[in-house]
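Remarks on the overall topology
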Amino acid sequence: MGRARADSLVLDVARRLSDIVPDIRIAAAGRAVIEIAFERESPEEAADDIDRISKGFLRALDLDGEPHQLDMHFGVAAAPLVEDDEVLLAEAAESALDQARIDGRVVMLDLSRADLAFDKLTLMRELPRAIANGEMFLQYQPKVHVRRQEIASAEALVRWQHPTRGLILPGDFISVAEQAGEISTLTLWTLRQVIEDQKKLREDGFDMLLFVNISGQLLADPAFVDEVCGMLATADAKLGFEITETAVIRDPESAIRHLQFFADSGVTLAIDDYGAGLSSLAYLKKLPARELKIDKMFVTQLTSSNRDPLIVRSTIDLAHALEMEVTAEGVETPSALALLSVMGCDMVQGFLISRPLGLDAFRKFLADDGHLENASGPASFVRPESFWKRA
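Being a predicted model, the structure only gives us computed values, none of them experimental. (Residues numbered from 1 in each chain as written. Predicted model: local features only at pLDDT ≥ 70, side-chain atom pairs only at ≥ 80, totals over all residues. Heavy atoms only, no water.)

In this section: helix H6 (residues 170-179). Inspection of H6 places Phe173, Val176 and Ala177 among the buried residues, and these make up the whole buried set. Down the axis of H6, the smallest arc covering the buried residues is 100 degrees, so these residues share one side. Two residues or fewer after H6 comes glycine 181, characterised by a positive phi angle close to 75 degrees. (Buried < 20%, exposed > 50% of the residue type's maximum accessible area, 1.4 Å probe, protein only. Helix = DSSP H or I, 4+ residues; strand = E, 2+ residues; numbered from the N terminus. Arc of directions from axis to C-beta.)

What follows is the structure, given as structure tokens:
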């Protein structure tokens, strides 16, 4: 179309918007973004008008005598007039638009309701203070090496103890941290805390590898990579990073280069949630990873599904061929553990072994199970669930 015509495309879109809903107010917020505002008696009425607008752009737009089909995304925020906060509305609409681009549908946030969508906007504002004020804490979930019959490593999981909302789990605030640009700060805090906790575990006689989850956003951030490498150069730490395949696929060139920096710094890399997303052998063979974690969606139905055992067994064989160890997540029953052991799985993680534990509880868990490392005969992790959940 040419740059000049592309710049004026918003004017064509604005004209059609006015034709569909004459009383809306329109402002161009960039070459590809238009802000509209209007008042209705209820969010439902507003949703009806958005639906009319959406359907109105299903037909091609005439641009200089040629038909062009536009790919439109609609993010909407609604609030009572008496509580009208333009900044909050704008933030909510932007958040809805981000989600609309991901979901491929109209996303509407009703700020008059205390639902999670609104909570996320509030959490986004509160997160920097939470990190600074010590509201974050870590729990550790151990990973058992099946053949050695010992706890070989643990995964650090960050939690948020909100002063008024109580415990907030990662699924509710990690995406908030990414959207708010705080994921680097949160991850650096996590790494520093893990290094300190590891020192305490060493004092107890447990010098083990501790894993931290790394967001895909950070794999393409040179400043984050430089800071972490500098931190590792001065810390006597045994750390592992868990990364997802989707994180690598976003920007494979930068991700693979930066992961190699981490590997050269002594970090053990693990591919997390393998099989849950778009698994790509092309990327898998390039990653300097030493561990592959099978997503729990395949493990929880291991003994009740016909296909899941085939997928798990083939994944274990593939990882071993690539000289990686395999961890099965979500192990909850002795029968699943027994089957994984027969398949040659190296490590297991899940509620059968232990739920995530605070540092003090984790230290006690390790101390209570310390006799397993010195047992003269082969110990067995296939024990009653009550035994493993006692911590």
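Counting across every chain of the model gives 26 salt bridges. Of the charged contacts in the structure, one is a salt bridge between aspartate 12 and arginine 15, with a shortest N-O distance of 3.0 Å. Of the two residues, aspartate 12 and arginine 15 both sit in helix H2 (residues 9-20), three residues apart, roughly one turn of that helix. On the basis of relative accessible area, aspartate 12 is assigned to the buried category, the value being 10%. The partner of arginine 148 in a salt bridge is glutamate 150, and the shortest N-O contact between them spans 2.8 Å. Note on glutamate 150: relative accessible area 24%, which makes it partly exposed. Each of Lys143, Glu155, Glu242, Glu291, Lys293 and Glu329 takes part in a single network of salt bridges with overlapping partners. (Salt bridge = Lys/Arg side-chain N within 4 Å of Asp/Glu carboxyl O.)

What follows concerns the pairing of strand E1 (residues 25-28). In this structure, E1 lies alongside strand E2 (residues 34-37), joined through four bridges in antiparallel fashion. Along E2, the bridge assignment pairs arginine 25 with alanine 37. Linkage of E1 to E2, two consecutive antiparallel strands, is achieved through a turn of five residues, within which glycine 30 is found at a positive phi near 150 degrees. (Pairing = 2+ DSSP bridges.)

Put simply, the largest pocket is a space of about 1500 Å³. Forming the walls of the largest pocket are 46 residues, and the residues nearest its centre are Glu35, Ile36, Ala37, Gly75 and Ala93. At the level of elements, H2, E1, E2, helix H3 (43-56), strand E5 (75-78), helix H4 (86-103) and strand E6 (107-110) are the ones that each hand at least two residues to the lining of the largest pocket. When residues of the lining of the largest pocket are assigned to their parent elements, the largest contribution, eight residues, is made by H4. Class assignment of the residues belonging to the lining of the largest pocket gives a composition of 29 nonpolar, four polar and 13 charged. (1 Å grid on protein atoms, 1.4 Å probe; cavity = no way out; pocket = protein on both sides within 12 Å on 5 of 7 lines; lining within 4 Å. Points joined across faces, edges and corners; volume = space filled by probe spheres on them. Nonpolar A, V, L, I, M, F, W, Y, C, P; charged D, E, K, R; others polar.)

Taking 1.5 Å of rise per residue, the 14 residues of H3 would be expected to cover 20 Å, and the 20 Å separating its terminal C-alpha atoms lies within 8% of that figure. For H3, every residue scored as buried is listed here: Ala46, Asp49, Ile50, Ile53 and Gly56. Summarising the axial view, the buried residues of H3 lie within an arc of 120 degrees, below the 170-degree limit, and thus occupy one face. Residues Glu44, Asp48 and Lys55 are exposed on H3 and point more than 90 degrees away from its buried face. The inward-facing, buried residues of H3 contact H2, E2, E5 and E6. (Expected span 1.5 Å × (residues − 1). Contact = heavy atoms within 4.5 Å.)

Now for the confidence of the model for the protein. On average, the protein scores 84 in pLDDT, and the residues at 70 or more come to 89%. Confidence drops under a pLDDT of 50 for residues 370-391, and excluding neighbours within four residues, the segment shows 35 contacts in the predicted structure. (pLDDT = per-residue confidence, 0-100.)

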